Amino acid sequence: MKREHMGNAAEEALMQKAAIERMKNFLAGRHPSYYITTLGCQMNAHDSEKLAGILEEMGFVLSEQEEAADLVVYNTCCVRENAELKVYGRLGYLKSYKKKNPNMKIALCGCMMQEPHVIEKLKKSYRWVDLIFGTHNLYRFAELLESVYETPGQLIDIWDAPGEIVEDLPSIRKTSFKASVNIMFGCNNFCTYCIVPYVRGRERSREPEEIIKEIQCLAASGVKEIQLLGQNVNSYGKTLQNPISFAQLLYKVSEVEGIERIRFMTSHPKDLSPELIDAMKNCPKVCPHFHLPLQSGSDRLLKEMNRHYDKAKYLDIVRRLREAVPEMAITTDIIVGFPGETREDFLETVDVVRKAGFDNAFTFIYSKREGTPAARMENQVDPEEAKTNFEELLVVLKEVMDQRNERLVGKTLQVLVEDVNNHDASMLTGRSEGNYLVHFKGGSELIGQTVPVKIDEQLTYYLVGTL
Ligand code: 5AD
Ligand code: SF4
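Here is what the cut-offs are and how they apply
Residues numbered from 1 in each chain as written. Chains lettered and ligands numbered in written order. Predicted model: local features only at pLDDT ≥ 70, side-chain atom pairs only at ≥ 80, totals over all residues. Heavy atoms only, no water. Helix = DSSP H or I, 4+ residues; strand = E, 2+ residues; numbered from the N terminus. Buried < 20%, exposed > 50% of the residue type's maximum accessible area, 1.4 Å probe, protein only. Core = buried A, V, L, I, M, F, W, Y, C linked by side-chain atoms within 4.5 Å. Contact = heavy atoms within 4.5 Å. Pairing = 2+ DSSP bridges. Right-handed = clockwise from strand over helix to strand, strands pointing away. Salt bridge = Lys/Arg side-chain N within 4 Å of Asp/Glu carboxyl O. Axes fitted to C-alpha atoms, helices over the stretch in contact; angles between N-to-C directions. Parallel < 35°, antiparallel > 145°, perpendicular 65-115°, else oblique. Left-handed = near helix turned anticlockwise from the far one by under 90°. Near = heavy atom within 4 Å. Nonpolar A, V, L, I, M, F, W, Y, C, P; charged D, E, K, R; others polar. Polar contact = N/O pair within 3.5 Å; in protein donor to acceptor, adjacent residues only side chain to side chain. Areas by Shrake-Rupley, 256 points an atom, 1.4 Å probe, with all protein chains shown as cover.

Asker: What should I look at first to understand unusual backbone geometry in this one?
Answerer: Cis geometry is found at the peptide bond from methionine 265 to threonine 266, where omega equals -5°. Take threonine 266: it is sitting in the loop between strand S11 (261-265) and helix H9 (274-282). Its identity is not glycine, yet phenylalanine 190 carries a phi of approximately 50°, on the positive side. Mapped onto the elements, phenylalanine 190 comes out in the loop between strand S8 (184-185) and helix H6 (196-200). Exposure remark for phenylalanine 190: the relative accessible area of 30% places this residue in the partly exposed category. In the Ramachandran plot, asparagine 435 falls in the positive-phi region, its phi being about 75° despite a non-glycine side chain. Along the chain, asparagine 435 turns up in the loop between strand S16 (427-432) and strand S17 (437-441).

Structural data, given as C-alpha cells:
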C-alpha cells in the first residue's frame, strides 16, 4: 500500500532498508533481471545509480537487453521535447514485449513524471506501465516496487514538493574510480525557458558533514575522482542552518585523502564569487575545468531569459578564470532559437563563442516547455531559421575548439584512464584534468590509473596521444 505519512530523514531511510529486506525475502533467492534507461543530465544518471543500488541489494541482476528484462525502468528527462517523445515511443514498443512476458514490470520516474499533463496521458493511454513515481520520492523506490509486486495494477505516486533529504541508501557506480556526489537539489533561478525549477523543486543543500562522509567512504573504496552535482553549485549552502559557501566546501573536499580530482557541475554565471575562483587556484585537486552555461550572447535575450548577467559580465568572468588558472578549460551550454531571437541576437552569441574561446559546448535548439514563461511568448522563432543558425554555430564552434586544442599538441597531459576504446581495442580512452577526451595505445591494466600522455594530434572532439 502507498504510504502517505512522511517520517524524518532517518526514519525514512530505515523504512527503505526494511522494504529492501522484505523484497529480498519475497524473491527468496531468485534473481530477476533489470534494465534502466537514463535520459537527461548527470543528476539523472546519478539517480539511476541509486535505483540500481537498491535493486541489486534486493537481488536483481543487470540484464544485457531491455526486451529480456523482468523490470524495465525509464528515468526520464523533460528539459527538451525530444527526450519526452523518445519515452512514449519506447513504451509503445515495450507493450508487445510485455504481452510475450506478462511478468515484465515497467517503471517510469524522473523529471517528466512531475508534469501533470504527462501523468494524465499515461493514465489514459499507457495502462501497461506498472509504476510511476517522481523526483521527490525517488528514495522510496524500494517501498513502491514492493507494492507493485504485491498488488497488480498501475501504481502512481507523485509528490508536488520535496520532503527531507534522505541519506545513506545504497548506490552503485559504473566505474570504481569515479563517482558523482549530490551536494544540492532543485533550482530557484526560473530561467524563462527552463522547466527544471518546476520539476525538481526549490534549492536544498546537503549538510557538508554528510557530503564529506560520503566522499570519505568513496575514497576508501578506491574512488579517485569526484564530481559534485547541483543545478547551481554557486548557491550551495546558503540556506543551511550553519551557512557555508561552495568555495569553503571545495576546500573541505580537497582535504579528503585518496581523492585526486574534484570536478563540479553546474555553475551559474550570475553569482560566481571571487572566492570560488581563488579556491580553484588554491586547490590543486580541483580540476582546471569550468562549465559556465552562456545560453545566449545577446543582452536583450539574456534579460528575457531571466539570466541576471550580460555579455560583458560573462566575458569578464571568462577572463578572470583564465587569469587565475591559465590552463582553465571552459565549456558551456548554448540555446539557439529562443523566442524573439533575431539574426543580430544570434551573431552576439557567435561573438561570445569566438571571444571566450570555448573548449567545448553543448548546443541546443530551443524547445518549448509547457508551463514556462517562454512558452507563452508570442514571438516563437521559425524552426527553419533556428536550424540554419544552429548549424552555423556548430561550424564556428568547431573552428574555435580546433584553435584551442592546438595549444595542447606536443604537451603531456595527466590522463585518468576510463575504458578500452569503443572502436579500437588496442586503444584506451581517458580524461585529462581539463576534461579533454584522450585516446592512446595501451593495455586494459591501466584502467583506473592516472598516466602521462603526450598529445600528438587534435581531432576537435578528442585528442590522440602516446603514453
Ligand atoms: N530548450 C532548449 N534547451 C534548454 N535547456 C534548458 N531548457 C531548455 C529548453 N527549453 C538547456 C540549457 C541548460 C541545459 C541543461 O539545457 O542550455 O543549460
Ligand atoms: Fe534551468 Fe536556469 Fe535552473 Fe539551470 S539555472 S536548471 S537553466 S532554471
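Still more to cover.
Asker: How do you make sense of the nonpolar core when you look at a structure like this?
Answerer: In terms of nonpolar packing, the biggest core is built from 72 residues, with Leu228 and Phe246 touching the most fellow members. Top element by residues in this core is helix H11 (residues 311-324). It accounts for 6 residues. Non-local contacts of leucine 228, meaning those with residues more than four positions away in its chain, are made with Val181, Ile183, Ile215, Phe246, Leu250, Val253, Ile262, Arg263, Phe264 and Met265. In terms of nonpolar packing, the next biggest core, distinct from the first, is built from 27 residues, Val72, Val118, Trp128 and Val199 among them.

Asker: Which parts of the structure should I look at to understand the pairing of strand S14 (residues 360-365)?
Answerer: Two faces, one strand: in a regular strand the side chains alternate between the faces of the sheet. Relative to S14, strand S13 (residues 329-336) is paired through 6 bridges, and the arrangement is parallel. Looking at S14, one finds that isoleucine 334 is bridged to threonine 363. Read as a crossover between parallel neighbours, the route from S13 over helix H12 (residues 343-356) to S14 is right-handed.

Asker: Help me out: how do you make sense of the pattern of salt bridges in this one?
Answerer: Two side chains of opposite charge can pair, provided their charged atoms sit close to one another. Tallied over the full model, the rule gives 32 salt bridges. Residue arginine 404 is joined to aspartate 359 by a salt bridge in which the shortest nitrogen-to-oxygen separation is 3.1 Å. Here aspartate 359 lies in the loop between H12 and S14 and arginine 404 lies in helix H13 (residues 383-406), a separation of 45 residues in the sequence. By relative accessible area, which is 15% here, arginine 404 ends up buried.

Asker: Just checking my understanding: could you explain the packing of helix H8 (residues 246-254) against H9 for this structure?
Answerer: The geometry of a pair of packed helices is captured by two quantities: the angle between their axes and the separation between those axes. As a packed pair, H8 and H9 sit with axes 8 Å apart at the nearest point and diverge in direction by 15°. Relative to H9, the element H8 lies roughly parallel. Judged by the twist between their axes, the crossing of H8 over H9 is left-handed. The residues of H9 that touch H8, namely those facing Phe246, Ala247, Gln248, Leu250 and Tyr251, are Glu275, Leu276, Asp278, Ala279 and Asn282.

Asker: Please explain the site of ligand 2 as it appears in this structure.
Answerer: By nearness alone, every residue bordering ligand 2 is listed as Cys187, Asn189, Phe190, Cys191, Tyr193, Cys194, Val196, Pro197, Gln231, His268 and Arg307. Considered class by class, the residues forming the shell around ligand 2 number 7 nonpolar, 3 polar and 1 charged.

Asker: How should the site of ligand 1 be read in this particular structure?
Answerer: For ligand 1, the full set of nearby residues is Val79, Arg80, Tyr193, Gln295, Asp333, Ile335, Phe364, Ile365, Tyr366, Ser367 and Arg369. At a separation of 3.1 Å, a nitrogen atom of ligand 1 approaches a polar backbone atom of tyrosine 193. In this structure, glutamine 295 approaches ligand 1 through a side-chain N or O atom, which is 2.6 Å from an oxygen atom. Look at ligand 1: alone it shows 400 Å² of surface, and the protein chains cover 85% of it.

Asker: Would you mind showing me how to read the pairing of S11 here?
Answerer: Most of S11 is tucked away: 5 of the 5 residues are buried. Going residue by residue along S11, you find Arg261, Arg263 and Met265 tucked away on one face and Ile262 and Phe264 tucked away on the opposite face as well. Relative to S11, strand S10 (residues 225-229) is paired through 5 bridges, and the arrangement is parallel. The residue bridging leucine 228 from the neighbouring strand is phenylalanine 264, located in S11. Where the polypeptide runs from S10 across H8 and back to S11, its parallel neighbour, the crossover connection is right-handed.

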